[in-house]
Amino acid sequence: MTASRTRILRGALLATAAAALCLPAMADLAEIKSAGKLRVGIDFGAPFYGYVDEKMKPVGSDVEAAELLAKDLGLTLEIVNTTNSARIPNLLSNKVDLIISSLSITPERQKAVDFSMPYGAIQAAVGAPKSLKLTSIDDLAGKTVAVTRGGPQDKILTERAPQAKVVRFDDESASITAAATGQADIVAITPPIIAAIAKKNPAREFETKFILQSYQLGMAMRKGQPELMKAVNGWIKTNLTNGKLNDIHLKYAGVPIPKEIIDGAK
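The notes below deal with the structure included here. Computed from a predicted structure; not experimentally measured. (Residues numbered from 1 in each chain as written. Predicted model: local features only at pLDDT ≥ 70, side-chain atom pairs only at ≥ 80, totals over all residues. Heavy atoms only, no water.)

### Some thoughts on the nonpolar core
Thought 1: Within the largest apolar cluster, 58 residues are counted, with the highest numbers of intra-cluster contacts made by Leu38, Leu98, Leu140, Leu157, Leu212 and Ile236.
Thought 2: Beyond its immediate sequence surroundings of up to four residues, Leu140 is in contact with Val126, Leu134, Val145, Leu157, Ala164, Ile186 and Phe210.
Thought 3: Core analysis: the second largest hydrophobic core is formed by 14 residues, Ile176, Val187, Ile189 and Ile194 among them. (Core = buried A, V, L, I, M, F, W, Y, C linked by side-chain atoms within 4.5 Å. Buried < 20%, exposed > 50% of the residue type's maximum accessible area, 1.4 Å probe, protein only. Contact = heavy atoms within 4.5 Å.)

Following this line, the structure appears as structure tokens:
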């Protein structure tokens, strides 16, 4: 084989390899549609976002959003139950196509996955019985605070309240139970879940003490999936504009999606 032919063959092989590397990104949405189903990871331990009702049926704002998304894409929805800390690992290991599970958009997570445009917002807050006086993160020094492992509250307290004793639970249901039963007097979680704790055990008089931080929520997907990203972002924009996502949020949270999230879709 001549040197010229060798160079031509080598070039052809390199081009083929490069094209093969591009196939997953180009065929991402096509592959999902070919399978006929959308696999969505949702944490069932996160009221009001995802949980199981008395009939053992998955419900919540993220569940209903996933149902609507799959329907609009002409796909069957397959919900994959995941814990809070396993959401991104399940996505990266291809157990799911999307994560729609109260997942806040953070720079650290953006290194591992791609996020859609925001479809909602979540607040990190501190809740405790009415009798406890807590007004700022400084008041948590020396106190035991329950958090959901891997959640934004876990990160905030680890970084900003080093003198607090952080107790980590695997999901938000466990955090709720700990607070409602008296295993934990202070919990860092979201305001709707603090309200759920108060409802679960009114005698504890649980209430939101202060807000730690607000985060935008996004739907997460693996990197290099431009067609899936385009479809999801288009769907979010449409359903923020027509009010359907806000209706779902109101149904479960009792409050509307923040105005800045809805305005961002215009």
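### Notes on the pairing of strand E9 (residues 165–169)
Thought 1: Relative to E9, strand E8 (residues 144–148) runs parallel, the two sharing five bridges. Note that in E9 the partner of Val145 across the bridge is Val166.
Thought 2: Remark: the E8/helix H6 (residues 152–160)/E9 crossover connection has right-handed handedness. (Pairing = 2+ DSSP bridges. Helix = DSSP H or I, 4+ residues; strand = E, 2+ residues; numbered from the N terminus. Right-handed = clockwise from strand over helix to strand, strands pointing away.)

### Some points on the environment of Thr181
Thought 1: Topologically, Thr181 is positioned in helix H7 (residues 172–181).
Thought 2: You can call Thr181 exposed: its relative accessible area is 51%.
Thought 3: Between the C-alpha atoms of Thr181 and Asn201, which are 20 residues apart in sequence, the distance is 7.6 Å.

### Details of the pattern of salt bridges
Thought 1: Summed over the entire model, instances satisfying the criterion amount to 12 salt bridges.
Thought 2: Salt-bridge contacts for Lys209 lead to Glu207; the nearest nitrogen and oxygen are separated by 2.7 Å.
Thought 3: Residue Lys209 is classed as buried on the basis of its relative accessible area of 16%.
Thought 4: Relative accessible area serves as the criterion here: at 30%, Glu207 is assigned to the partly exposed category. (Salt bridge = Lys/Arg side-chain N within 4 Å of Asp/Glu carboxyl O.)

### Concerning unusual backbone geometry
Thought 1: With phi around 65°, Met56 is a residue other than glycine that occupies positive phi space.
Thought 2: Within the element layout of this structure, Met56 appears in the loop between strand E2 (51–52) and strand E3 (58–59).
Thought 3: Within the chain, Asn94 stands out as a residue other than glycine whose phi angle is a positive 65°.
Thought 4: Of note, Asn94 is situated in the loop between helix H4 (87–92) and strand E5 (98–99).
Thought 5: Since its relative accessible area comes to 41%, Asn94 is described here as partly exposed.

### What about the side chain of Asp43?
Thought 1: Turning to its location among the elements, Asp43 is positioned in the loop between strand E1 (37–42) and E2.
Thought 2: Notably, Asp43 is buried but unbridged: the nearest opposite-charge side chain belongs to Arg87, and the N-O separation is 5.8 Å.
Thought 3: Polar contacts involving the side chain of Asp43 include one to the main-chain amide nitrogen of Gly45, which spans 2.8 Å.
Thought 4: In this structure, Asp43 is in contact with Gly50, Asn81, Thr82, Thr83, Asn84, Ser101 and Asp171, ignoring residues within four places of it in sequence. (Lys, Arg positive; Asp, Glu negative; His and termini not counted. Polar contact = N/O pair within 3.5 Å; in protein donor to acceptor, adjacent residues only side chain to side chain.)

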